[in-house]
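Letter by letter, the chains look like this.
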Amino acid sequence: MNPDDPRAQRTRARLKAAMLELALQQELTSITMSALAKRAEVNRATVYLHYPDVDALVTDAMEDAVTAVARAAALCPLDAPRERAPGPLVELFEHVAVNAALYRRMLGAHGSARFAARMRERLTDELARRFADGRRPAGWEDVPVGMHAAYLAGALVGVIAHWVADGGAGEEAALAFWRLFRTGCQAAAG
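None of these values were measured; they are calculated from a predicted model. (Residues numbered from 1 in each chain as written. Predicted model: local features only at pLDDT ≥ 70, side-chain atom pairs only at ≥ 80, totals over all residues. Heavy atoms only, no water.)

Enquirer: Is there a simple way to explain the nonpolar core in this structure?
Expert: Nonpolar side chains in soluble globular proteins tend to end up buried together. Met19, Phe93, Tyr103 and Ile160 are the most contacted members of the largest nonpolar core, which has 60 residues in total. Considering each element in turn, this core owes the most residues, 8 residues, to helix 9 (residues 145–166). (Core = buried A, V, L, I, M, F, W, Y, C linked by side-chain atoms within 4.5 Å. Buried < 20%, exposed > 50% of the residue type's maximum accessible area, 1.4 Å probe, protein only. Helix = DSSP H or I, 4+ residues; strand = E, 2+ residues; numbered from the N terminus.)

Right, here's the structure in full:
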């Protein structure tokens, strides 16, 4: 199968849409390849031709969301005041709020470990690239760039998982995370 073939791309798009629809209705652990095939109106063998398992499909289906989260996190200006969350961080939490049901499923107790790992990985990569380009908070010079980026990525994914489970406004969550982040940076600086 050629992944660039328009038919393959259409099939994958249908499978991803079916996955997201089912994920809104039921726990990920209860979604079967047969149910996905039925929802996408393809045969089960076609599903396996494109994805080895449900977790691989859900991770691919959420890739655009992961990209949006990673880009927003990497755009945050590190010198914004503690009292106001930076715009990209507010946008990130608003994106998660709009898609809270999906994030709750993906990051919850019965969610996708592969998705959570992919999200942390993308966030870590974006932040490490930003830090390597000289856009890193002061006071962290004695911590390797990759470790610093991984620390922040893990914290952000953890806060998002907690927040979507508990609910609340996106702007409030962004401000709370920003204050935690700024406090961590200030503690490292001295």
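Enquirer: Mind showing me how you'd approach unusual backbone geometry here?
Expert: Trans is the prevailing form of peptide bonds, just as negative phi is the prevailing case for residues other than glycine. The backbone of Glu41 shows a phi angle near 60 degrees, a positive value even though the residue is not glycine. Structurally, the position occupied by Glu41 is in the loop between helix 2 (33–40) and helix 3 (44–50).

Enquirer: Please explain the pattern of salt bridges as it appears in this structure.
Expert: Between side chains of opposite charge, pairing is possible as soon as their charged atoms come close. Using the criterion set out here, one finds 11 salt bridges in the structure. Measuring nitrogen to oxygen at the nearest pair gives 3.5 Å for the salt bridge that ties Asp60 to Arg12. Of this pair, Asp60 sits in helix 4 (residues 54–61) while Arg12 is found in helix 1 (residues 6–25), placing the two residues 48 residues apart along the sequence. By relative accessible area, which is 23% here, Asp60 ends up partly exposed. In this structure, Glu126 and Arg129 form a salt bridge, with 3.3 Å as the shortest nitrogen-oxygen distance. Highlighted residues: Glu126 and Arg129, both in helix 8 (residues 113–132), separated by 3 residues, approximately one helical turn. According to the relative accessible area criterion, Glu126 is buried, its value standing at 16%. Given the relative accessible area of 46%, Arg129 is considered partly exposed. In the salt-bridge network here, residues are joined through shared partners; they are Glu63, Arg118, Glu121 and Arg122. (Salt bridge = Lys/Arg side-chain N within 4 Å of Asp/Glu carboxyl O.)

Enquirer: So what exactly am I meant to see when it comes to the packing of aromatic side chains here?
Expert: One pair of aromatic rings is described through two measures. These are the centre distance and the angle between the planes. Across all of its chains, the model carries 3 aromatic pairs by this definition. Between Phe93 and Phe177, the ring centres sit 6.5 Å apart and the planes meet at 40 degrees, which makes this aromatic pair tilted. In this pair, Phe93 is assigned in helix 6 (residues 87–98) and Phe177 in helix 10 (residues 170–189), connecting sequence segments 84 residues apart. Of the two residues, Phe93 and Phe177, neither departs from the other in class, the shared state being buried. Taken together, Phe93, Trp163 and Phe177 form an aromatic cluster joined through their ring pairs. (Phe/Tyr/Trp six-rings, centres within 6.5 Å; stacked < 30°, edge-to-face > 60°.)

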